[in-house]
Every structure is written in C-alpha cells, then in structure tokens.
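# Residue-level structural notes
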Amino acid sequence: MRNRGYYSGFGGAYVPEILVATFDELEDAFEDAKSDPSFRKSYEQLMASCCGRATPLTLAENLSERFGGARIYIKREDLNHTGSHKANNVMGQGLLVKRMGKTRVVAETGAGQHGVATATMAARMGLECTIYMGEVDVIRQRPNVFWMERLGATVVSVRDGSRTLKDAINEAFRDWMAHPDTTHYVLGTACGPHPFPEMVTYFQSIIGQEARRQVLNQAGKLPKRVYACVGGGSNAMGIFSGFLDDDVELVGAEAGGRGLGSGRHASRLAGGQGSIGIAQGYRSYFLQDGDGQMRETHSVAAGLDYIGVSPILAHLQRSGRARFEAVTDSEVVDAMALTMRCEGLVPALESAHGFAQAFKEVRGLAKEDVVIVNQSGRGDKDIFTVAEAFEDPGWRAFIRHKAEQYGARELHQGTA
Amino acid sequence: MALESYIKARRRQRDVLLMTHIVIGYPDYGRSMQTVEAMVEAGVDLMELQVPFSEPIADGPVILGANQRALAGGMTVSGCLDFAGKCAQRFDIPFVIMSYYNILHRYGVAAFADRMSGLGLKGAIVPDLPPEEAREYLNAMDRACLDPILLYSPNTSDERMAYLAEHARGFVYCVARPGVTGAATEFSEELTEYLGRCRAATELPLAVGLGIRDGKGMKYLRGKADIAIVGSHSIRTFDEQGTPGIRSLVQSLVAASAIGPP
Ligand SMILES: Cc1ncc(COP(=O)(O)O)c(C=O)c1O
C-alpha cells in the first residue's frame, strides 16, 4: 500500500496481514477507475438510469416561513432508488466489483438501508450477497430484513458484542478475511481502512456536486450553511464535498440520544466525549473507555448508532472546516413531526438529526440567506421505529390485531 | 534469553515446539491462571497471553466469545498486565502478549512496551498493526528489548515476506489459511508450498497457527516449521473438559513432537 490515506493524522489502514493483498488490489482498482474518464461517466449514467438521479433540491417554503430566517432547501436523497443516499456508494462499488471480476459481496447494515441497497445492487449485477446485521438491529428493522431476503441476500444476525452496527462490521471483515479472492466487502460509510473513506466519499460526492449546481440555479447563490446527519459520515461527506472550496459553513449533526450527560448517545465529535483510537481498521475519534474498550452507543436512529466516525470528518473538525453538534432523540422526533406536517416530507430518523439542527439555527440567519439540509433517506420505510417513537396508539392496536391474526392462523394450522 | 535463541536451543531437543494461547480472564482470573499452570506443567514451550479487546477483528467465534466473557467479568488492561507479570515470574517459559493495537495505543505505546519489559515478558503479537503503521510500536519494542512478532499469510507475496522479515523479531507467526482463528486447516500441498516460501523468506523461527488440534498437525509440521500454535482448540477443550482436559491435550501434543522418524 502506497498512500496510507491520512487526513491530519486520522485514517490509515490498520488491516490484518491476510487482507493486505486484498486492499492493495482494491486500491489499484479504485485508482485505475478514477483515472479512467469513462468510469465516472458510466457511474453517473447508471445513477441516472437506475436510481433516478439527479435528486431534486426542494425549497421548504412553509418551514422557511415558520422560522422566519434563512430559506431552507432540502436535498432529496430520499428519492434515490432504495430510499436513501446509500445506493450512490453501493452502485459505485458494484461497478468496481465487476472491474475486479469478483462474484460475491458482503456488507454490514445498521438501519438496514445499506443492506437493502447492497442486496439491490447484487441482484442487478448478478452477485452473491451476504448481509451482516446486529441482532438488536434485526429486531428493530425487521421490514428491511424482509426486503433483503426477498432481494436474494442471505442475512446473518450477529449476536456478538453490543449486537449493533460495529459488530456487524467486524463480522463482515471476518467473512472477507476467509474469502478474500472471490469476495468484496461493500463498506457502507466513509470509515474503515484506506481506501474506503476516500472511495465512499468519491461516490457520495455526486450529492454535493448536484446540490451546488442546483442551489446556484434555483436560489442564485451559495448557501450560508449545509447540514447533514453523521453516522459514519458518508452522506455528510457526500454533500460537504460539493462546498469544500466555498465560503459555506458545514454542519454535522450527531446522535445526542438521551443527552450527552446520560452516556446513552453516539456523539463522537460534538461534546468532547470521543477520544482518538484505532479500531475497525482506522484511526479516528471513538466512544471508548480508558482501557480502549468500545462503549455501548445509543440513538433512536439505528444508522447513527455507531462508535466511530469518518477520519475525513475528524480532519475537517480539527482544521476548523466543519462544525459538529449533537441532537437528542426527542428533538429529532419533533423535527420529523414538524417536517411531515409542514412540508409533506418524511425524512428518515437519521436525516431528521440534520433537520433539527438546522431548525435550531436558521432564525439567526437573514431572510436572504439560504441553507441546505441533506435528507439522506426516507422515513416511511422505518414505520415500526417511527410509529414507536411517536407512540402511535392506532399503530399499536393494528400490530396487536395482526399478531392475533397470525397467532390464530398458526393455531389453526397446528390443529388441522 | 531472547526468544529466537530460546527457540533455536529448544529445537535441538524437539522437532516441533508448542505454543498455546489463552485469553486472560477467561472464564475468570483464577481459572485462566490454572490453565496456564496446567499448560506449563504439561510441557508447553511458550505461551501467548491475549489481553481482551471489545473488537477482536481477526478472531473467530471461540476466541471472540472468550474476549467478551473476560471483559464482562471486569478484566482490565492493568489487571491483564499483572496477570502476565505473575506468569513470567512463576513459570520458566517465555510469555508474549497478544492484543489489538487500540489497547496499546490507549495505554501509551512506549509505556506499554516498558511495562511488558519490566514484567519479564518477551514480545508481542498485534494482528491489526501492519509495519507500515507501526513506526512508534517498532521503536518502542526495540528500546524495551522486546520482540515484535509479525504475521505472514498465504497471500503475502515473496516480496512482502522479505519486507516483513526486516521488521520481525523473535519468530514469525504464519497464518495457515485465509480466515479468522478457529476453523480447521487442511494439511495440503498448497500449505506445504506456502511454508516453503515462509522458510525461504526469513531466518527467524516459524510458528504456524490457526486450526491445529492434534498430533497429526504436529507431525505434519516436522521439518516445515518450528512451532505449532494451538489457540481456539485449547479453549474448546477447556470448555468441554476443564483443566484436566487441557493437561492431557498439551501432553499429547508435546509427545507427538519428540525427535524421531517422521
Ligand atoms: C438514511 C440514512 N442516513 C444516514 C445514515 C448514516 O450513515 P452516514 O453517516 O454514513 O451517512 C444512514 C445509515 O444507515 C441512513 O440509513
């Protein structure tokens, strides 16, 4: 490995010897693709013809009026195929898998969006597919498990550790170590060993490129600020990378969970509770104890419930180029409710972190100003989680009724 | 005595030496100490003591489970180092530490190395730290007169084996097949050819790990490597048969490794 992928000392490639040759091969394939002008073109064509890009930039007039500050534009990754920004990265890596001649992909998933996107790509590209998902997430995101399996993927429920995203990542790496020749690991966020942070950003940067063009067209100016939620950091890196060279403030919203004081959150950069560590192949900020053991994390949004954060975002914080804030579960649920009622948009719980942070801040900006919020995904797929977050009584009655129906049917079949 | 000369001297009496592995604090502090005692009494040549980590990415289900159990039991890094120091004091064989890089990083890499040296340990195995990322670690180990044990794998090129050999000390840990710890290995022609490449790449003793369970593995290694590593299988044996099972496992492996007709 030649370029170790460091950003202000964050990043690197801390990989077991068994994967060194595989990472060399991946880096070569990625460098080769980047320098091939037809590659980006074929990627953008695929994203247009299969995923419906470019996604729109929508002016949220009612919300803007309500807050009375900057005009709020929303980048609509919810309208990307499979319902989130995850497909941008997955389709790009799929093209690389084809170039490398591999036949099988594995992936981790937390919320299930990345798993569904990967299973979709694998079905389209004719690849075998195994998805690793923490047992906790399998339970809270069951509908996505259903879709992954319908799409032909094998879903493995991971029962180790905290049984969430980080444990799914460990298992995906272990699978890759056992099958390095046939298999590619489609890592779903801008974390992990080099070249993943750079490569995932390269594919996700399509968001920022479109958004910059669109905001100049529609608003006639650059935004004052761009907001994105931050799990591992892929949607944030995607939209931020369109504005890195502009006088635009970049704001990342992390999961404040039950509050930073509660210990039940996933804020690695905001609030100073993360510390520098090396895990899952990269050096960045992690939520860990004094011995270096990773702590349990919590968020209402499964996709943000993760111990580490992109080394490139850690670098942007250190250099002062981006700012990070924590948003609590209850602020997120309120922001989501408001967005649905005022705009008829249904952001994913992950994305709603970015909305909530923007809502806190837009009043402080002038009416002529513009901000962009990245709606990284749609929330209607998370109906179980959202209905629970809203404590919706009608939904509860429906589930109870369904359960009774299934129970009665099984009883009937059992006695027949 | 330094690891390399210890191994070479010991090899004059036996064809293949035995290195066993334990996770410190599995299933608890006391019983992991009893396991070490049983292994030493049964004739093991050297031991690898794993400091548990919450994200042991190169370990399979058995060792992963042992890491989690040890942590859930409250095992701390300083508790592990005390344990390792006691082993080095009580038993007359070399001990090396195995852990993941974050454990050393959080402790302070130089402080960790100095502490290992102060406790009488001989070296360390850090499977998620390739030498490209290891300048601080390699310097600290060198200053503390400890051996950084590096890994080879079947897909390591000859060129890279030579590069790794420049930084490795003590012995080289040869992973026998792709994958994590715990699964069985076939003693195939490919494995023989790979061990031949390892042998050609370094003068250091070769230890072969991943999947060795019985005397067959020991016999296979005669003339091909210097040390057999038994990891997951000894944990499985402990789980099924307790300390007596460990004792007879180690005795039978040592018996299979005496000098004699192949
Ligand atoms: C809709 C949505 N947004 C955001 C995220 C967080 O990931 P990242 O920070 O990589 O964008 C996820 C992850 O599952 C997601 O599904």
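What you see is a predicted model; the values in this text were computed from it and never measured. (Residues numbered from 1 in each chain as written. Chains lettered and ligands numbered in written order. Predicted model: local features only at pLDDT ≥ 70, side-chain atom pairs only at ≥ 80, totals over all residues.)

## Some points on the overall build of chain A
- Regarding its fold elements, chain A presents 15 helices and 14 strands.
- Taking 22 Å as the expected radius of gyration for a compact globule of 416 residues, we find that chain A reaches 21 Å, a close match to that expectation.
- Dimensions along the principal axes, computed over C-alpha positions, put chain A at roughly 65 × 60 × 50 Å.
- Here chain A holds 416 residues, and the buried ones make up 61% of them.
- Partitioning the contacts of chain A with sequence separation of at least 6, the portion at a separation of at least 24 is 73%. (Helix = DSSP H or I, 4+ residues; strand = E, 2+ residues; numbered from the N terminus. Rg over C-alpha atoms; globule rule 2.2 N^0.38 Å. Buried ≥ 20, exposed ≤ 12 C-beta atoms within 10 Å, placed from the backbone. Contact = placed C-beta atoms within 7 Å.)

## Details of the overall build of chain B
- The secondary structure content of chain B amounts to 11 helices and eight strands.
- Its C-alpha atoms give chain B a radius of gyration of 17 Å, within 12% of the compact-globule value 18 Å for 262 residues.
- Dimensions along the principal axes, computed over C-alpha positions, put chain B at roughly 45 × 40 × 35 Å.
- The 262 residues of chain B split such that 54% are buried.
- Within chain B, residue pairs in contact and separated by at least 24 positions form 74% of the contacts whose partners lie at least 6 positions apart.

## Examining the packing of helix α3 (residues 61-72) of chain B against helix α11 (residues 232-255) of chain B
Residue and element names in this part refer to chain B.
- Taken N-terminus to C-terminus, the directions of α3 and α11 make an angle of 65 degrees; their axes are 9 Å apart at the nearest point. On the basis of their axis angle, the class for α3 and α11 is roughly perpendicular. Judged by the twist between their axes, the crossing of α3 over α11 is left-handed. On the side of α3, the interface is formed by Val62, Ile63 and Ala66, while α11 contributes Ser232, Ile235 and Arg236.
- A per-class count over the contact of α3 with α11 returns four nonpolar, one polar and one charged. (Axes fitted to C-alpha atoms, helices over the stretch in contact; angles between N-to-C directions. Parallel < 35°, antiparallel > 145°, perpendicular 65-115°, else oblique. Left-handed = near helix turned anticlockwise from the far one by under 90°. Nonpolar A, V, L, I, M, F, W, Y, C, P; charged D, E, K, R; others polar.)

## So, the sheet that holds strand β5 (residues 104-109) of chain A
Residues and elements named next belong to chain A.
- The strand order across the open sheet formed by four strands is β7-β6-β5-β8, and the pairing between neighbours is parallel. Strands with a single pairing partner mark the edges of an open sheet, and in this sheet they are β7 (154-158) and β8 (183-185). On average, adjacent strands in this sheet sit at an angle of 20 degrees to one another, irrespective of strand direction.
- Two strands pair when backbone bridges link them, and β5 and β8 are joined in this way by three bridges, in the parallel orientation. (Pairing = 2+ DSSP bridges.)

## Examining the pairing of strand β6 (residues 172-175) of chain B
All names here are of chain B.
- What you see with β6 is no split at all: Val172 and Cys174 on one side and Tyr173 and Val175 on the other are buried throughout.
- Relative to β6, strand β5 (residues 147-152) is paired through three bridges, and the arrangement is parallel. Bridging from a neighbouring strand, Leu150 pairs with Val172 of β6.
- The parallel pair β5 and β6 is bridged by helix α8 (residues 158-167), and the resulting crossover is right-handed.
- Here four bridges tie β6 to strand β7 (residues 206-209), and the two strands are oriented parallel to one another. Counted as the bridge partner of Val172 is Leu206 from β7. (Right-handed = clockwise from strand over helix to strand, strands pointing away.)

## Notes on the site of the ligand
Residues and elements named next belong to chain A.
- Near the ligand you find 21 residues, and of these Gly231, Ser234, Asn235, Gly303 and Gly377 are the closest.
- Of all the secondary-structure elements, those providing two or more residues to the shell around the ligand are α5 (113-125), α10 (234-240) and α13 (349-361).
- It is α10 that contributes the most residues to the shell around the ligand, three residues altogether.
- In terms of residue class, the shell around the ligand is built from six nonpolar, 14 polar and one charged.
- Each of two domains, domain 1 (6-48 + 85-196) and domain 2 (52-83 + 205-387), supplies a minimum of three residues to the shell around the ligand. (Near = placed C-beta within 6 Å. Domains from an automatic or database assignment.)

## Overview of the domain arrangement of chain A
All names here are of chain A.
- According to the domain assignment, chain A consists of domain 1 (6-48 + 85-196) and domain 2 (52-83 + 205-387).
- Using only C-alpha atoms to locate each centre, domain 1 and domain 2 end up separated by 22 Å.
- The interface is formed by 37 residues belonging to domain 1 together with 43 residues belonging to domain 2.
- Breaking the side of domain 1 that touches domain 2 down by element, the ones donating at least two residues are β2 (10-11), α2 (37-49), α4 (86-100), α5, α6 (135-140), α7 (142-150) and α8 (165-178).

## Concerning the pairing of strand β6 (residues 128-134) of chain A
Residues and elements named next belong to chain A.
- The buried count for β6 comes to six of seven residues, which makes it a mostly enclosed element.
- Summarising the sheet, β5 and β6 pair through six bridges and their orientation is parallel. Bridging across to β6, Ala107 finds its partner in Ile131.
- Here β6 runs beside β7; their pairing, made up of five bridges, is parallel. When the bridges of β7 are listed, Gly134 appears paired with Val158.

## Quick word on the interface of chain B and chain A
- Contacts between the two partners involve 32 residues from chain B and, on the opposite side, 28 residues from chain A.
- Every element with two or more residues in the side of chain B that touches chain A is listed here: α3, α5 (101-107) and β5 of chain B.
- Of the residues forming the side of chain B that touches chain A, the biggest block, five residues, is contributed by α5 of chain B.
- The class makeup of the residues in the side of chain B that touches chain A is 16 nonpolar, 11 polar and five charged.

## Looking at α3 of chain B
Residue and element names in this part refer to chain B.
- The first and last C-alpha atoms of α3 sit 16 Å apart over 12 residues, in line with the 16 Å expected at 1.5 Å per residue.
- Those residues of α3 that sit buried are Val62, Ile63, Leu64, Gly65, Ala66, Asn67 and Ala70.
- Count one or two residues on from α3 and you reach Gly74, which has phi positive near 95 degrees. (Expected span 1.5 Å × (residues − 1).)

## Observations concerning the nonpolar core
- In terms of nonpolar packing, the biggest core is built from 222 residues, with Val172, Cys174 and Ala207 of chain B touching the most fellow members.
- With nine residues, the top contributor of residues to this core is helix α9 (residues 196-219) of chain A.
- No fewer than three residues from each of domain 1 (6-48 + 85-196) and domain 2 (52-83 + 205-387) of chain A sit in this core.
- In this structure, Val172 of chain B is in contact with Leu150, Tyr152, Cys198, Thr202, Leu204, Leu206 and Ala207 of chain B, ignoring residues within four places of it in sequence. (Core = buried A, V, L, I, M, F, W, Y, C linked by C-beta atoms within 7 Å.)

## Comments concerning unusual backbone geometry
- Cis peptide bonds are those with omega within 30 degrees of zero, and the linkage from Arg53 of chain A to Ala54 of chain A qualifies with 5 degrees.
- Mapped onto the secondary structure, Ala54 of chain A falls in the loop between α2 and β3 (57-59).
- The residue after Tyr26 of chain B, namely Pro27 of chain B, is reached through a cis peptide bond having omega -10 degrees.
- Structurally, the position occupied by Pro27 of chain B is in the loop between β1 (17-23) and α2 (29-41).
- Non-glycine residue Arg163 of chain A carries a positive phi angle of around 60 degrees.
- Residue class for Arg163 of chain A comes out partly exposed when judged on the 18 C-beta atoms lying within 10 Å of it.
- Located in the positive-phi region is Cys145 of chain B, a residue other than glycine, with phi close to 55 degrees.
- On the basis of neighbour count, Cys145 of chain B is assigned to the exposed category, with 12 C-beta atoms found within 10 Å.

## Observations regarding the packing of helix α1 (residues 17-34) of chain A against α4 of chain A
Residue and element names in this part refer to chain A.
- At their nearest, the axes of α1 and α4 sit 10 Å apart, and the two run at 110 degrees to each other. It follows from the interaxial angle that α1 and α4 lie roughly perpendicular. On α4, the residues that touch Glu25, Ala29, Phe30 and Ala33 of α1 are Leu96, Arg99 and Met100.
- Each residue belonging to the contact of α1 with α4 can be placed in one class, and the counts come to five nonpolar, no polar and two charged.

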